[in-house]
Amino acid sequence: AIGSDGTIYIGSDDFYLRAINPDGSFKWRYAADGPIGSSPTVDCDGIIYFVSSDSSLRAINPNGSLRWRYVTGGPIASSPSIGSDGTVYIGSSDGRLYAINPDGSRKWSVSFPFDYPVSSSPAIGSDGTIYALTRDLRIINPDGDVDETITLYKDEEGSSPMIRNGVLYTATTSI
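Residues take numbers from 1 onward in each chain, read along the sequence in its written order. Local features in this predicted model are restricted to residues whose pLDDT is 70 or higher, and side-chain atom pairs enter the listing and the counts only when it is 80 or higher, whereas totals over whole chains, interfaces and linings include all residues. Processing note: side-chain calculations cover all non-hydrogen atoms of the structure and skip hydrogens and water entirely.

> Looking at this structure, how should I read the sheet that holds strand 15 (residues 146-151)?
In sheet architecture, strand pairing relies on hydrogen bonds along the backbone and comes in two forms, parallel and antiparallel. Note: two strands are recorded as paired if DSSP finds a minimum of 2 bridges between them. Put simply, DSSP H or I for four residues or longer makes a helix, DSSP E for two residues or longer makes a strand, and each gets a number counted from the N terminus. Read from one edge of the open sheet, 4 strands run 12-13-14-15, paired in antiparallel fashion. If you trace the sheet from one side to the other, it starts and ends with strand 12 (123-124) and strand 15, each paired once. By the bridge criterion, 2 bridges tie strand 12 to strand 13 (residues 130-133) in an arrangement that is antiparallel. Paired with I124 across the two strands is I130, which belongs to strand 13.

This is how it looks when you write it as structure tokens:
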């Protein structure tokens, strides 16, 4: 991820989140408690959000210090998504999608059928609707109520959904 000041943030299997200055020089590193297998996300205030395999979502201040840590019920494999109100959305292998307030407290969580792992990043519509995917697509309003569940895949998960010009896209290896 790249911050508005040009700082590059990179997670690694060696348990470190690194910040690299725009000129390529080292800025800082933060030690997590597990490998970091997905891209971090940076909000408009420069706060860096990342996950590691220790089931944690962390918020890191631009200077590299820990702002807060939230632990889910299972390892997390996807990148966090951030809503326009600052809510951070993250899926977990415990079969839940979590909405975390900007202060690190849980706003709500939604369970998926059969506890399928939520290993893709959720998409957020312009109206705040959240689209989260495992084998089922869950359409969730900003208050955490599930508006609809659509079964898309029989035996496998889809990729992270994305919204472009009001159209929701996702992909799978199923034919």
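Having seen the model, we can carry on.
> What am I meant to see in the nonpolar core here?
Within soluble globular proteins, side chains that are nonpolar generally end up buried alongside one another. By nonpolar core we mean a set of buried residues, namely Ala, Val, Leu, Ile, Met, Phe, Trp, Tyr and Cys, connected to one another through side-chain atoms within 4.5 Å. Note on exposure labels: buried denotes an accessible area under 20% of the residue type's maximum, exposed denotes more than 50%, and partly exposed covers the range between, all computed with a 1.4 Å probe on protein chains only. By size, the foremost hydrophobic cluster in this structure holds 12 residues: I47, Y49, V51, L57, A59, W68, Y70, I76, V88, I90, Y98 and I100. Secondary structure elements with two or more residues in this core: strand 5 (48-52), strand 6 (56-60), strand 7 (66-71), strand 9 (88-91) and strand 10 (96-100). Setting aside chain neighbours within four positions, we find Y70 in contact with S55, S56, L57, Y98, I100, G104 and R106. By definition in these notes, contact holds between two residues if any of their heavy atoms fall within 4.5 Å.

> Just checking my understanding: could you explain a nonpolar patch on the surface for this structure?
Together, M162, V167 and Y169 make up an exposed nonpolar region whose accessible area comes to about 270 Å². By secondary structure assignment, the location of V167 is in strand 17 (residues 167-169). Patch definition: residues above 30% relative accessible area lacking any salt bridge, with like charges linked at up to 9 Å and the nonpolar side chains Val, Leu, Ile, Met, Phe, Trp and Tyr linked at up to 5 Å. For every accessible area listed, the method is Shrake-Rupley and the probe measures 1.4 Å; residues are considered covered only by the protein chains on display. Any Lys or Arg side-chain nitrogen found within 4 Å of a carboxyl oxygen on Asp or Glu counts as a salt bridge.

This is a description of form; function is not addressed.
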